[in-house]
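Next come the chains, spelled out residue by residue.
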Amino acid sequence: MIAFTRAVSPTLANCELTHLDRSPIDVARAIEQHAQYEAALATLGCTVHRVPAAPDHPDAVFIEDTAVVLDEVAVITRPGAESRRTEVEAVAAALAPYRPLHQIQHPGTVDGGDVMLVGRTLYVGRTPRTNDDGIAQLAEAVRPFGYAVTPVEVQGCLHLKSAVTALDDATVLCNPRWVSPGAFAPLRVVAVDLHEPNAANVVRVGRTVLAAAAYPRTNAALEAHGYALVTVPADELAKAEGAVTCCSLLVAAS
Ligand code: GLY
């Protein structure tokens, strides 16, 4: 597995914020947490490839939003935030050796954070970042490979994957206040601890779940369910409205 990442920009404090108030960000601490995240991915067997840095793009560290990578194709997104549109160019160049590329076009918008793959289904959040035209373009791009696209309503958070992520091919971890668990039937749904609304964002790496350390109650529940967990500190990156999935694009070796 290759994990594409991108450096924390020195301008991170100027990031897009939608559901969070702006609070001071310690960029050096964010860089340290990002390094620990990359080290955790490496420990879990990923080869970490850094896409060239984009210091003028405050949100570039959240590389997940720039592409949806499947075994057969990489769909390069057109991010919903105007400030993030040109982040995709370097990511497309980095992915080109690994996958055929497909590009979402105007007027469609898609953020990768709104796209959750479970089995052969792409659940896609309908959010201010991902519009119906973008969802239709994505569905068209992946249909030849046998993937179905299921739009999902999201409220109260930035992206679909702020509210729900996959724990395995039959189970999702979800904040039921932000997304309806019924949207994922017949998958099994594990709910976050209600004191930890942001805990639903975790990364599956093989049989291990990589989670933010800030959510001990949810993480303990996942361990009780039998999941192997690795935790990393990510609270400084969270001030920029980013979570653990946002900081990588995982690409299976083909
Ligand atoms: N700051 C993360 C985003 O809004 O895309």
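Thresholds, definitions, all that
Residues numbered from 1 in each chain as written. Predicted model: local features only at pLDDT ≥ 70, side-chain atom pairs only at ≥ 80, totals over all residues. Heavy atoms only, no water. Pairing = 2+ DSSP bridges. Helix = DSSP H or I, 4+ residues; strand = E, 2+ residues; numbered from the N terminus. Near = heavy atom within 4 Å. Polar contact = N/O pair within 3.5 Å; in protein donor to acceptor, adjacent residues only side chain to side chain. Areas by Shrake-Rupley, 256 points an atom, 1.4 Å probe, with all protein chains shown as cover. Nonpolar A, V, L, I, M, F, W, Y, C, P; charged D, E, K, R; others polar. Contact = heavy atoms within 4.5 Å. Axes fitted to C-alpha atoms, helices over the stretch in contact; angles between N-to-C directions.

Visitor: Now, about the pairing of strand E6 (residues 115–118): what can you tell me, with residues and values included?
Guide: Alignment of E6 against strand E7 (residues 121–126), held across 4 bridges, turns out to be antiparallel. Pairing of Leu-117 across the sheet is with Leu-122, part of E7. In this antiparallel pair of consecutive strands, E6 and E7, the connection spans 2 residues, and Gly-119 shows a positive phi of 60°.

Visitor: Can you explain the site of the ligand? Please cite residues and give values.
Guide: Close to the ligand lie Glu-16, Asp-59, Phe-62, Arg-84, Arg-129, Leu-158, Ala-240 and Glu-241, which account for all nearby residues. Interatomic distance of 2.6 Å between a side-chain N/O atom of Asp-59 and a nitrogen atom of the ligand. At a separation of 2.6 Å, a nitrogen atom of the ligand approaches a polar backbone atom of Ala-240. Computed on the free molecule, the ligand has an accessible area of 200 Å², of which 99% lies beneath the protein chains in the complex. Classifying every residue of the shell around the ligand by side-chain character gives 3 nonpolar, no polar and 5 charged.

Visitor: Describe the side chain of Lys-161, with residues and values.
Guide: Mapped onto the secondary structure, Lys-161 falls in helix H4 (residues 160–163). A polar contact is formed between the side chain of Lys-161 and the backbone oxygen of Val-115, at a distance of 2.7 Å. Excluding anything up to four places from it in sequence, Lys-161 contacts Glu-64, Gly-112, Gly-113, Val-115, Met-116, Asn-201 and Thr-245.

Visitor: Tell me about the sheet that holds E6, and please be specific about residues and values.
Guide: Reading across from one edge, E6-E7-E8 is the order of the 3 strands in this open sheet, with mixed pairing throughout. The strands lining the two open edges of the sheet, one partner per strand, are E6 and strand E8 (148–153). Taking each pair of neighbouring strands and ignoring which way they run, the sheet shows an average axis angle of 25°. Across the sheet, helix H3 (residues 132–142) touches E6, E7 and E8, and the angle it forms with E7 is around 170°.

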